[in-house]
Amino acid sequence: MTTQISTDLLSEIVARAIKRGATDAEAIASETTEFSVEVRLGEIEKLQEAASRGIGLRVLCEGRQASCSTSDISPEGIEELIANAVEMAKRTSIDEAAILPGREELATAIADLDLFDPAIAELSPERKIEMARAVEDAARSFDSRITNSEGGACHTKIGKMTLVNSIGFAGQYTATTCNLFTAPIAKQDEQMQIGFWGDRQRRLVALDSPKVIGKEAARRALRKLGGRKVATQEVPIIFENGATEDLLGDFFGAVEGGAIFRRSSFLVGQLGEQIASPLLTIVDDGTIRGALGSRPFDGEGLATRRTVVVEDGVLKSYVLDCYTARKLNLSSTANASRGLTGAPSVGTGNFFILPGVYSLEEIIASVKEGFYVTELIGFGFNPVTGDYSRGASGLWIENGKLTFPVEEVTIAGNLKDMLKGIEMVGNDLRFRGNIAAPTIKLNRMMVSGE
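Residues numbered from 1 in each chain as written. Predicted model: local features only at pLDDT ≥ 70, side-chain atom pairs only at ≥ 80, totals over all residues. Heavy atoms only, no water.

### So, the state of the cysteines
Basically, it comes down to this: Disulfides are defined as pairs of cysteine sulfur atoms found within 2.5 Å of each other. Exposure categories follow from relative accessible area, calculated using a 1.4 Å probe and restricted to protein chains: below 20% of the type maximum is buried, above 50% is exposed, and the middle band is partly exposed.
Applying the stated criterion across every chain yields a total of 0 disulfides. Here Cys68 stays unpaired: no disulfide links it, and the sulfur of Cys61, its closest cysteine neighbor, is 12 Å away. Its relative accessible area of 11% is what places Cys68 among the buried residues. Of the cysteine sulfurs around Cys178, a residue in no disulfide, the closest is that of Cys154, at 4.2 Å. Look at Cys178 and you get buried, because its relative accessible area is 1%.

### Considering the environment of Thr403
As a reminder of what qualifies: Secondary structure follows DSSP: runs of H or I at least 4 residues long count as helices, runs of E at least 2 residues long count as strands, and numbering of each begins at the N terminus. Residue contacts are defined here by distance: any two heavy atoms, one from each residue, within 4.5 Å place the two residues in contact.
The topology assignment puts Thr403 in strand β17 (residues 401-414). Taking the C-alpha atoms as reference, Thr403 lies 36 Å from Cys178; in sequence the two are 225 residues apart. Those residues in contact with Thr403 that sit more than four places away from it in its chain are Trp396, Ile397 and Glu398.

### Notes on empty space enclosed by the protein
To find the voids left in a structure, one rolls a probe of water-molecule size over its atoms. Rule in force here: Throughout, the protein atoms alone are placed on a 1 Å grid, and a set of points is a cavity if a 1.4 Å probe fits but cannot get out or a pocket if it is open with protein on both sides within 12 Å along at least five of seven lines; lining residues have an atom within 4 Å of a point. Grid points are joined across faces, edges and corners, and a volume is the space filled by probe spheres set on the points. Residue classes follow a fixed rule: Ala, Val, Leu, Ile, Met, Phe, Trp, Tyr, Cys and Pro count as nonpolar, while Asp, Glu, Lys and Arg count as charged, and any other residue, Gly among them, counts as polar.
Tallied over the full model, the rule gives 4 cavities of 30 Å³ or more. Approximately 90 Å³ is the volume attributed to the largest cavity. Among the elements that line the lining of the largest cavity, the one with the most residues is helix α6 (residues 241-255), at 4 residues. Of the residues in the lining of the largest cavity, the class split is 12 nonpolar, 1 polar and no charged.

### As for the packing of aromatic side chains
Put simply, the test is: Aromatic pairs are defined between Phe, Tyr and Trp rings, using the six-membered ring for Trp, whenever the two ring centres lie within 6.5 Å; interplanar angles under 30 degrees are classed as stacked, those over 60 as edge-to-face, and all others as tilted.
Scanning the entire structure with this criterion turns up 8 aromatic pairs. Their ring planes at 75 degrees and their centres at 5.2 Å tell us that Phe252 and Phe351 sit as a pair that is edge-to-face. With Phe252 in helix α6 and Phe351 in strand β14 (residues 351-353), the pair connects residues that are 99 residues apart, well separated along the chain. In this structure, Phe252 and Phe351 share a single accessibility class: buried.

### A look at the sheet that holds strand β19 (residues 435-436)
The cut-off we apply is this: Think of it this way: DSSP has to see at least two bridges between two strands before they count as a pair.
Read from one edge of the open sheet, 5 strands run β11-β10-β9-β14-β19, paired in mixed fashion. Two strands close off the open sheet at either side, each with one partner strand: β11 (314-315) and β19. Taken together, the 3 bridges between strand β9 (residues 282-285) and β14 define a ladder with antiparallel strand orientation. Bridging across to β14, Ile282 finds its partner in Ile353.

### Here we look at the packing of helix α1 (residues 7-20) against helix α2 (residues 75-90)
So the rule is basically this: Geometry is summarised by axes, namely lines fitted to C-alpha atoms with helices restricted to the contacting stretch, and by angles between N-to-C directions that run from 0 to 180 degrees. Here the angle decides the label: under 35 degrees means roughly parallel, over 145 means roughly antiparallel, 65 to 115 means roughly perpendicular, and every other value means oblique. Crossings are classed by handedness, with left-handed meaning an anticlockwise turn of the near helix from the far one by less than a right angle and right-handed meaning a clockwise turn.
Running from N to C, α1 and α2 cross one another at 45 degrees; their axes reach a closest spacing of 10 Å. Here α2 runs oblique to α1, going by the angle between their axes. The hand of the α1/α2 crossing is right-handed. Residue-level inspection shows Leu9, Ile13, Arg16, Ala17 and Arg20 of α1 in contact with α2, the latter providing Ile78, Glu79, Ile82, Ala83, Val86 and Lys90.

### Some details on the packing of helix α4 (residues 125-140) against helix α5 (residues 210-222)
One way to put it is that α4 packs onto α5 with a least axis distance of 7 Å and a crossing angle of 40 degrees. Judged by the inter-axis angle, α4 sits oblique to α5. Where α4 crosses over α5, the handedness of that crossing is right-handed. Contacts between α4 and α5 involve Met131, Ala134, Val135, Ala138 and Ala139 from the first element and Pro210, Lys211, Ile213, Gly214, Lys215 and Ala218 from the second. When grouped by side-chain class, the residues that make up the contact of α4 with α5 number 8 nonpolar, 1 polar and 2 charged.

### Brief notes about the side chain of Ser67
Basically, it comes down to this: Polar contacts here mean pairs of N or O atoms no more than 3.5 Å apart (in protein, one a potential hydrogen donor and the other a potential acceptor; neighbouring residues in sequence count only if both atoms are side-chain atoms).
Positionally, Ser67 belongs in strand β3 (residues 64-70). In this structure the side chain of Ser67 is engaged in a polar contact, spanning 2.6 Å, whose partner is the backbone nitrogen of Gly342. Apart from the residues lying within four places of it in its own chain, the contact partners of Ser67 are Leu57, Arg58, Met88, Thr341 and Gly342.

### A look at the pattern of salt bridges
Note the cut-off: Here, a salt bridge means any side-chain nitrogen of Lys or Arg that lies within 4 Å of a carboxyl oxygen of Asp or Glu.
What the rule picks out here adds up to 24 salt bridges. Here Glu87 makes a salt bridge to Arg91, at a shortest N to O gap of 3.0 Å. Using a relative accessible area of 39% as the deciding quantity, one classes Glu87 as partly exposed. A salt bridge links Arg430 to Asp208, with the nearest nitrogen and oxygen atoms 3.3 Å apart. Placement of the pair is Arg430 in the loop between β18 (422-425) and β19 and Asp208 in the loop between β7 (197-201) and α5, with a sequence separation of 222 residues. Its relative accessible area of 19% is what places Asp208 among the buried residues. Each of the salt bridges in this network shares a partner with another, and the network as a whole consists of Glu216, Arg219, Arg220, Arg223 and Glu240.

Structure follows, in structure tokens:
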């Protein structure tokens, strides 16, 4: 991807901000090329290709900070960017924690994490259209009950990120992603259900084939046909791996530094405490080669790393950027996330539950009567108290076997009890995003239905 934004240009911007009166400065550039095609019933409904670039500048003036961004990299545009950022910073209030990292914290080398795939960059528009059609066709041809479709889609992105600050860091990396998905509609006895399945990877060779994705999407639509409520009761719950990822995302909201220093999390003061079943280990790792949450440095220039957040049920670490780490008198875990404007915030690397030893079949077979949750609906988690209530659908389990589909029910509990109630962890971990998890079994939760 051709670009005009270099580390030299950002270094010049930083130097000029210091000369204009900033104590410290940090410049970031984002350049992306994206392609998206959506088809429905074999016909192209949306075709889009876009390129964007922008520069963000964050300046600090003796405890005050401000940020601006621009897509105009002309000399006049850059001059305006610098002037606005410095002037705005002088007018803000002082925050003693708003400083750049220490020099000793910065990455000293830019690791090659295999984030760029030439095979994705070289995909022709015709090939991407063919992939979108193929994934929808695979779903539509799977079963005669697949009578309609919300479509199939292929999205690709090539992005370059460059970061320079006034204390000696300069780094740049390029990454690719390809996303392929479809949403078929199944119909039987006047009831219709939609299924959705897809895959997103940094490398084309790692992406599931259109045939595999399409068949799985169709299977998910078909297994929802005939869904009904169940009586309100307390039973064991199995979270399918995708549903576990949703649950893990809620947990991240309680373990990230912003929630901790603001004391808006039930995990405040819990470092070193047993907060979950000994079967649970949660890791954040931004260094896994080719993974979607990997990058050689974070949004503040720190080398990414592997952080064990929960080990055998014990809370070992919060997830922190430099600001939240200072607020808590801890060290950053190199989890700063950045946009072109605003201060850094805490984000995930690859945030995941370590897989266990049980197959999905073994986990289901262990339940005499219970609920296999395949989809969570809506938002119902309070990170302050841990209270958890979500709409859910899935399949009912009787005598260790999946029996009939369940819909329009709510599962409820408290995440503190849920974490300690984990009885089995599956071996089916696979990364399709920054957050990944295997299937897990909880001893019991309340299912509210009829």
